[in-house]
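Spelled out from the first residue to the last, the chains are:
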Amino acid sequence: MLALPAMAEVSALVQLTPARVMPLAEHLRAYGTVEFAPEGGRTLSLEAESLVSQVLVANGQRVHQGEVLLRVAPSINDQLQLQQAQIGVRFALTDQQRLESLRARQLATNAEVQTAQQTLARAQATLHDLQARLKTLQAGAVRAPINGVVETVSVHQGDLIPAGQPLLRLSTGNTLRIVLGVEPEDLPRVKVGDAVQLRPVYGAQPPLSGRIRQIYWQVDPKTRLTQVVVPMAATPSLLPGAMVRAEITLGRHKTLAIPDSAVLQQGGRAYCFVDVHGKARQRWIETGWREAGWIAVSKGLQAGEQVVSLGNYELQDGMALRVAGRS
């Protein structure tokens, strides 16, 4: 009987790259929101109790200096106080004139006249102060003191607002800040001045560069994250309220690394193929940060091991390797 020819061993043409120790920039991924910078705005309030009769603006609206933002009126309490102050001045003036007339007839003393003059001065001061506090209310409108953007409106039509309570906040719109959420265990690795690359979550705009200016050393009770702040000049690609993703550069460290193309995924786990005596051997690995086509490996490989960097998608564990460029 004729012997059957042996079947050729299945092999794959691949390219190998040794795992090597090299310096890579470590990055930390974070997400956050765009806000108006607090130093670039102004909160508007009134010095007297007021009634809001009409709200003419909304959040995000651009306004010009002098533009009417709210229609307001003095409250009933304010009107009563003004009437009482006016009556007080009239009574004090009448009493002073009466005592001066009596003194002219030697029926009142200089001390009595002086006391009446002081009472009149106090009544006039009270009226003047009240009139100054009600000046804006008597004009009937709250106007924009600057060109800018309405950041927040804190009142509604019909609201009775106590003196000093914020009505709305305006921002110049020239400066923004990005507030990023960072896991508390990662915060000690973050420093003021660290470089940050920012991209809006939606869209394909090119990244924006910034640096961390502030670190808040407390946990936000809502998100359970700590926060870092990146100031940013206003740009059309960043709108207040938008979500952004960021990569914070924590520094450069020497680490074991392999080409990005060598890493495959299965069930949420990373693996690669290693050349072991001409055979592909699947190796589960743990990966870290990436830079310039290389990815850090923290577990599963040793320096000098040859990993399959091209041709690995068709590989199976144990398959023979034909190395490109090797005779």
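Note that the coordinates shown come from a computational prediction; the quantities given were computed from them, not determined experimentally. (Residues numbered from 1 in each chain as written. Predicted model: local features only at pLDDT ≥ 70, side-chain atom pairs only at ≥ 80, totals over all residues. Heavy atoms only, no water.)

### Digging into the packing of aromatic side chains
- The full count for this structure, using the stated rule, is two aromatic pairs.
- Measuring from centroid to centroid gives 5.5 Å for Y271 and W284, while their planes differ by 65°, and the two rings are edge-to-face. Pair noted here: Y271 is in strand β18 (residues 269-276) and W284 is in strand β19 (residues 279-291), with a separation of 13 residues, a long-range link.
- Chaining the aromatic ring pairs together yields one cluster made of Y271, F273 and W284.
- Directly above the ring of W284 sits R269, whose terminal nitrogen or CZ lies 4.1 Å from the centroid. (Phe/Tyr/Trp six-rings, centres within 6.5 Å; stacked < 30°, edge-to-face > 60°. Helix = DSSP H or I, 4+ residues; strand = E, 2+ residues; numbered from the N terminus. Lys NZ or Arg CZ within 6 Å of the ring centre and 35° of its normal.)

### Quick look at the UniProt feature "coiled-coil region" (unreviewed entry) in the protein
- UniProt marks residues 113-140 with the feature "coiled-coil region" (unreviewed entry), using the numbering shown here.
- Along residues 113-140 one finds 93% helix and 0% strand; the C-alpha atoms at either end are 40 Å apart. (UniProt positions renumbered as here; feature names shortened; annotations may be inferred.)

### Examining unusual backbone geometry
- The backbone phi angle of R224 is positive, close to 65°, even though this residue is not glycine.
- Its identity is not glycine, yet A292 carries a phi of approximately 50°, on the positive side.
- One can find A292 in the loop between β19 and β20 (294-299).

### As for the domain arrangement of the protein
- We note that the domain assignment places domain 1 (11-23 + 254-323), domain 2 (26-39 + 173-253), domain 3 (47-73 + 139-171) and domain 4 (76-138) within the protein.
- Of note, the centres of domain 1 and domain 2, computed from C-alpha atoms alone, are 33 Å apart.
- Of the roughly 530 Å² buried between domain 1 and domain 2, counting both surfaces, carbon and sulfur atoms make up 50%.
- Area buried by domain 1 at its contact with domain 2 is led by P23, W289 and E291, which between them contribute 77% of it. (Domains from an automatic or database assignment. Buried area = accessible area lost by both parts, 1.4 Å probe.)

### Looking at helix α1 (residues 76-104)
- A rise of 1.5 Å per residue sets the reference length of α1, with its 29 residues, at 42 Å; its end C-alpha atoms lie 42 Å apart and thus fit the reference within 8%.
- Along α1, the residues that are buried comprise D78, L82, A85, V89, A92, Q96, L99 and L102.
- Where the residues of α1 are buried, they touch β4 (50-55), β6 (68-74), α2 (110-133) and α3 (135-139).
- Within two residues after α1, Q106 carries a phi angle of roughly 60°, on the positive side. (Expected span 1.5 Å × (residues − 1). Buried < 20%, exposed > 50% of the residue type's maximum accessible area, 1.4 Å probe, protein only. Contact = heavy atoms within 4.5 Å.)

### Quick word on the sheet that holds β6
- If you walk across this open sheet you meet the four strands as β7-β6-β4-β9, and the pairing is antiparallel. With partners counted over all chains shown, the strands left at the sheet margins are β7 (141-143) and β9 (160-161), one partner each.
- Inspection of the sheet shows β4 paired to β9 by two bridges, in the antiparallel sense. Residue pairing in the sheet places L51 in a bridge with L160 of β9. (Pairing = 2+ DSSP bridges.)

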